[in-house]
Amino acid sequence: MAVPKAAARGAFILFEGVDRCGKTTQSTKLVESLKAAGVNAELWRYPDRTTEMGKMINAYLQSSLDMDDGAIHLLFSANRWEKRAAMEKALGDGVTLVVDRYSYSGVAFTAAKEVPGLDLEWCKAPERGLLRPDAVLYLDMPVDAAKTRGGFGEERYETGELQERVRTHFRVLREDWWTIIDASGTIDDVHSKCAAAADEAIQRCREGAELARLWD
Ligand code: NYM
Ligand code: MG
C-alpha cells in the first residue's frame, strides 16, 4: 500500500528593512494575495507586542521604560524564542508565515547603537538556533526617503543617524539568497516583486526544502 505523502510545509517568508520602508504595507498585501490564491498564509510580526515580554519591549520603544542595551537585546531575542515552537508547528502544519522583521532586525538595530562589547557577533549569538527564513525580502530604501514618511520619529531608534547605521549593518548581514527590492517604487510594483519571490519560496518548500536554523 502506498504511504500517503506528507503535506507540504509552509514557507517562512521574512520582510526586513529600515523603519518606514513599507514592510507592514507589503507584508499585509502579500498575505492578502496569497490567501486569494488559495495559500494558507498568516501574518506574524516581531516584536510581538502582545506577550508579557512584548509589552515590556513596547514600553521600551515608546520610551516609558528604560533598559540596559544588552538586556533589551536579549528580550527582543527571547520574544522570538517564546514563539519558536509555535512557528515551527504552524509551518509544519502547512501554514506559510509572512513575517514582519526577525533576527536580522535584532542584530542590525543593537549593533547600530555601537555599545562597547555589543558587536555583531555578540548580537548574533542569542539568535543561533532560531528558524532560518526560506526567503528574505529586503525592502531597500534610502533613509532620507524613509524619513519623509508618516510617523517617522515617533519611537525610539527612529533617528536618521541610527537608521543609517542600521542600513549599513543590514548590508553586512545580507546573504546572496536574499531578494533585494527597491522599495521606492509604487506599492503595486513592489508587491509584484515580493509576490514573485514568495511564490518561488513556497514552491521550494512544496518540493521538500527543509527548514534550517540560523545561522547555517
Ligand atoms: N527592533 C525590532 C529591534 O531593535 N530589535 C528586534 O529584534 C526587532 C524585531 O524595534 N525600530 C526594532 C526595530 C523597530 C522597532 O519594530 C519596532 P516595528 O516593526 O516598527 O514595530
Ligand atoms: Mg517602527
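Residues numbered from 1 in each chain as written. Chains lettered and ligands numbered in written order. Predicted model: local features only at pLDDT ≥ 70, side-chain atom pairs only at ≥ 80, totals over all residues. Heavy atoms only, no water.

The protein carries the name Thymidylate kinase in an unreviewed UniProt entry, which gives Micromonas commoda as its organism. The Pathway (unreviewed entry) comment attached to the protein in UniProt states, word for word, "Pyrimidine metabolism; dTTP biosynthesis." Checking UniProt for the protein, the heading Sequence similarities (unreviewed entry) contains the comment "Belongs to the thymidylate kinase family." (UniProt positions renumbered as here; feature names shortened; annotations may be inferred.)

Visitor: Teacher, can you tell me more about the overall build of the protein here?
Guide: When you go through the protein residue by residue, the secondary structure sums to nine helices and seven strands. Taken over C-alpha atoms, the radius of gyration comes to 17 Å for the protein, in line with the 17 Å a tight globule of 216 residues would show. Considering only C-alpha atoms, the protein reaches an extent of 60 × 35 × 30 Å along its principal axes. Counting the 216 residues in the protein, one finds 49% classified as buried. Counted over contacts in the protein with a minimum sequence separation of 6, partners at least 24 positions apart contribute 81%. As displayed, the protein offers around 10300 Å² of accessible surface, 52% of which is attributable to carbon and sulfur atoms. Looking at charge distribution, the protein has the averaged site of its 29 positive side-chain charges lying 2 Å from that of its 35 negative ones. (Helix = DSSP H or I, 4+ residues; strand = E, 2+ residues; numbered from the N terminus. Rg over C-alpha atoms; globule rule 2.2 N^0.38 Å. Buried < 20%, exposed > 50% of the residue type's maximum accessible area, 1.4 Å probe, protein only. Contact = heavy atoms within 4.5 Å. Areas by Shrake-Rupley, 256 points an atom, 1.4 Å probe, with all protein chains shown as cover. Lys, Arg positive; Asp, Glu negative; His and termini not counted. Charge placed at Lys NZ, Arg CZ, Asp CG, Glu CD.)

Visitor: Just to check I follow, could you spell out the nonpolar core for this structure?
Guide: Across soluble globular proteins, nonpolar side chains have a tendency to be buried as a group. Ranked by size, the top nonpolar core spans 62 residues in total, and within it Leu-30, Met-87, Val-99, Tyr-102, Tyr-104 and Leu-137 carry the most contacts. Non-local contacts of Leu-30, meaning those with residues more than four positions away in its chain, are made with Ile-13, Phe-15, Val-98, Leu-137, His-191, Cys-194, Ala-195 and Ala-198. (Core = buried A, V, L, I, M, F, W, Y, C linked by side-chain atoms within 4.5 Å.)

Visitor: In this structure, what is going on with the environment of His-191? I would like to understand it.
Guide: Along the chain, His-191 turns up in helix α9 (residues 187–206). Accessibility expressed as a relative area gives 14% for His-191, which makes it buried. Distance in space between the C-alpha atoms of His-191 and Ser-33 is 9.4 Å, their sequence separation being 158 residues. Ignoring any residue separated from it by four or fewer positions in sequence, one finds His-191 in contact with Gln-26, Lys-29, Leu-30 and Ser-33.

Visitor: Before we go on, may I ask you to explain the site of ligand 1 in this structure?
Guide: Close to ligand 1 lie 13 residues, the nearest being Asp-19, Arg-49, Arg-80, Arg-101 and Gly-106. Contacts to ligand 1 include Arg-45, whose side-chain N or O atom sits 3.3 Å from an oxygen atom. Here ligand 1, which alone exposes 480 Å², has 94% of that area covered by the protein. Of all the secondary-structure elements, those providing two or more residues to the shell around ligand 1 are α3 (69–81) and α5 (103–112). With three residues, α5 is the largest single contributor of residues to the shell around ligand 1. When grouped by side-chain class, the residues that make up the shell around ligand 1 number six nonpolar, two polar and five charged. (Near = heavy atom within 4 Å. Polar contact = N/O pair within 3.5 Å; in protein donor to acceptor, adjacent residues only side chain to side chain. Nonpolar A, V, L, I, M, F, W, Y, C, P; charged D, E, K, R; others polar.)

Visitor: Hey, could you run me through the sheet that holds strand β2 (residues 41–45) in this one?
Guide: Strand pairing in a sheet relies on backbone hydrogen bonds. The paired strands run either parallel or antiparallel. If you trace the five strands from one edge of the open sheet to the other, you get β2-β3-β1-β5-β6, paired in parallel fashion. Looking at strand neighbours, the two that pair on one side only are β2 and β6 (179–182), the edges of this open sheet. Averaged over all neighbouring strand pairs, the angle between strand axes comes to 20 degrees, with direction disregarded. Of the strand pairs in this sheet, β2 and strand β3 (residues 96–100) are connected by five bridges, and their pairing is parallel. (Pairing = 2+ DSSP bridges. Axes fitted to C-alpha atoms, helices over the stretch in contact; angles between N-to-C directions.)

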